[in-house]
Amino acid sequence: MILDLDIGNTLSKWRLKDAESSEIRSRGAVWTREEWRPGADIPDLDVVEAVRISSVARAAVLEETVALLRRRVRHVHVAHSTYEALGVINGYEEPGRLGVDRWMGALAGYQLAGGCCAVDCGSAITIDFVLPGGSHLGGYIIPGLRLMKESLKLGTRNVAIDPESEADELLEPGRRTVDAVNHGIYMAAVSAINRIYSEVCDQEGIALPMLLTGGDARVVSRGVQVPHAVWPDMVYGGLEACFPMTFAERAGKMSGAPRVPEPVSLEKIRAGLAFSMLL
Ligand SMILES: Nc1ncnc2c1ncn2[C@@H]1O[C@H](COP(=O)(O)OP(=O)(O)O)[C@@H](O)[C@H]1O
Ligand SMILES: CC(C)(COP(=O)(O)O)[C@@H](O)C(=O)NCCC(=O)O
Ligand SMILES: [K+]
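This text gives an overview of the structure that appears in the document. Note that the structure is predicted; figures quoted are calculated from it, not measured.

This part takes up the overall build of the protein chain. Tallying secondary structure elements over the protein chain gives eight helices and twelve strands in all. Across the 279 residues in the protein chain, those meeting the buried criterion constitute 48%. For the protein chain, the exposed surface amounts to about 14000 Å²; the carbon and sulfur share of it is 53%. Side chains of the protein chain give 29 positive and 36 negative charges; the mean places of these two sets differ by 2 Å.

In structure tokens form, the structure reads like this:
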């Protein structure tokens, strides 16, 4: 069994993949914390022969996790952001500083679709661009839906936040605080994604397919006008491409990869951009 780990700032996601059949046997998530211990909510390591890790948690968390896993598992692979991988050139001035989850997403997106816009809606929302030749342009980072909500709570006196209420896709003006906040942050996220996508495609002269991942991908997806596909396992896809182990992976197949969405024409993107700027 292969254990894939995607350690984010909020949640540590894991899945167990059958090394023979390439099937996903189980999956789960635990809060990202200082110490990561196999226990009730973590799979049994006895069946695990290899681990692949993408982590943006504090270095100490990753080090402890790796040290613990190395005692129990023969092969432990940790992904890093590099200058180049799988035909993609990292756009960062200091490639190692690009969040490795973003790098995994960009690599998976490129492997699936060639050039792409990879959007990861987690604690932060990140929007990365890769051109068909493999040049990663860099990207954008904005607070995720939950962080936006929490920042309002921290920074204002009278904005009472209901942390449990979902950011929903209702776009009309809110008539009570909870709705004004939820509709506001939702609009902030989806309009940023729509606008950034259009601006970069316009600038680069190419309509790119968009791929969405992360804990809030489904809710964000409903507000994104650009044709796109939701790929919950996109970060895992990058791990599969970097450290292929199963027969299917060696043949370039990534689990749960969606059909590549057909982007609208560049003319349409430009017309939409012109329209939104005239308003
Ligand atoms: N069941 C859930 N538990 C926690 N967060 C959730 C859940 N469903 C959706 N979310 C949202 O997903 C975000 C976490 O998404 P994720 O992609 O795992 O983030 P990260 O990679 O930063 O840990 C949370 O900030 C929250 O807005
Ligand atoms: C931007 C991020 C915080 C997003 O993390 P996540 O929301 O997935 O927990 C993470 O990719 C990160 O720590 N990046 C390093 C800084 C950078 O990418 O520029
Ligand atoms: K993210």
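Once that is clear, we can look at the pairing of strand β4 (residues 50-55). Of all the six residues making up β4, six are buried; the element is thus mostly covered by neighbouring parts of the structure. What you see with β4 is no split at all: A50, R52 and S54 on one side and V51, I53 and S55 on the other are buried throughout. Of the pairings in the sheet, the one linking strand β1 (residues 2-7) to β4 comprises six bridges and is parallel in character. Residue D6 lies in a different strand from β4, and its bridge partner there is S54. The pairing of β4 with strand β5 (residues 75-78) spans four bridges and is classified as parallel. Across the sheet, the residue bridging to V51 is V76, located in β5. For the handedness criterion, the β-α-β arrangement of β4, helix α1 (residues 59-72) and β5 is classed as right-handed.

Attention now goes to the side chain of D128. Relative to the assigned elements, D128 resides in strand β9 (residues 124-130). On the basis of relative accessible area, D128 is assigned to the buried category, the value being 2%. At 2.8 Å, the side chain of D128 and the side chain of R102 are in polar contact. A polar contact is formed between the side chain of D128 and the side chain of H136, at a distance of 2.8 Å.

Once that is clear, we can look at the coordination of the potassium ion (ligand 3). At the metal site, the potassium ion (ligand 3) is ligated by D120 (OD) and A124 (O), and these contacts range over 2.9 to 3.2 Å. We classify A124 as partly exposed; its relative accessible area is 29%.

Close contacts around ligand 2 come from 14 residues, with N9, Y92, G99, D101 and R102 the closest. For ligand 2, an oxygen atom lies 2.7 Å from a polar atom in the side chain of R102. Computed on the free molecule, ligand 2 has an accessible area of 470 Å², of which 76% lies beneath the protein chains in the complex. Of all the elements in the fold, those that place two or more residues in the shell around ligand 2 are α2 (100-113) and β9. For the shell around ligand 2, the class distribution of residues is five nonpolar, six polar and three charged.

The rules behind the values
Residues numbered from 1 in each chain as written. Chains lettered and ligands numbered in written order. Predicted model: local features only at pLDDT ≥ 70, side-chain atom pairs only at ≥ 80, totals over all residues. Heavy atoms only, no water. Helix = DSSP H or I, 4+ residues; strand = E, 2+ residues; numbered from the N terminus. Buried < 20%, exposed > 50% of the residue type's maximum accessible area, 1.4 Å probe, protein only. Areas by Shrake-Rupley, 256 points an atom, 1.4 Å probe, with all protein chains shown as cover. Lys, Arg positive; Asp, Glu negative; His and termini not counted. Charge placed at Lys NZ, Arg CZ, Asp CG, Glu CD. Pairing = 2+ DSSP bridges. Right-handed = clockwise from strand over helix to strand, strands pointing away. Polar contact = N/O pair within 3.5 Å; in protein donor to acceptor, adjacent residues only side chain to side chain. Donors = N, O, S within 2.8 Å, 3.2 Å for Na, K, Ca; no water. Near = heavy atom within 4 Å. Nonpolar A, V, L, I, M, F, W, Y, C, P; charged D, E, K, R; others polar.

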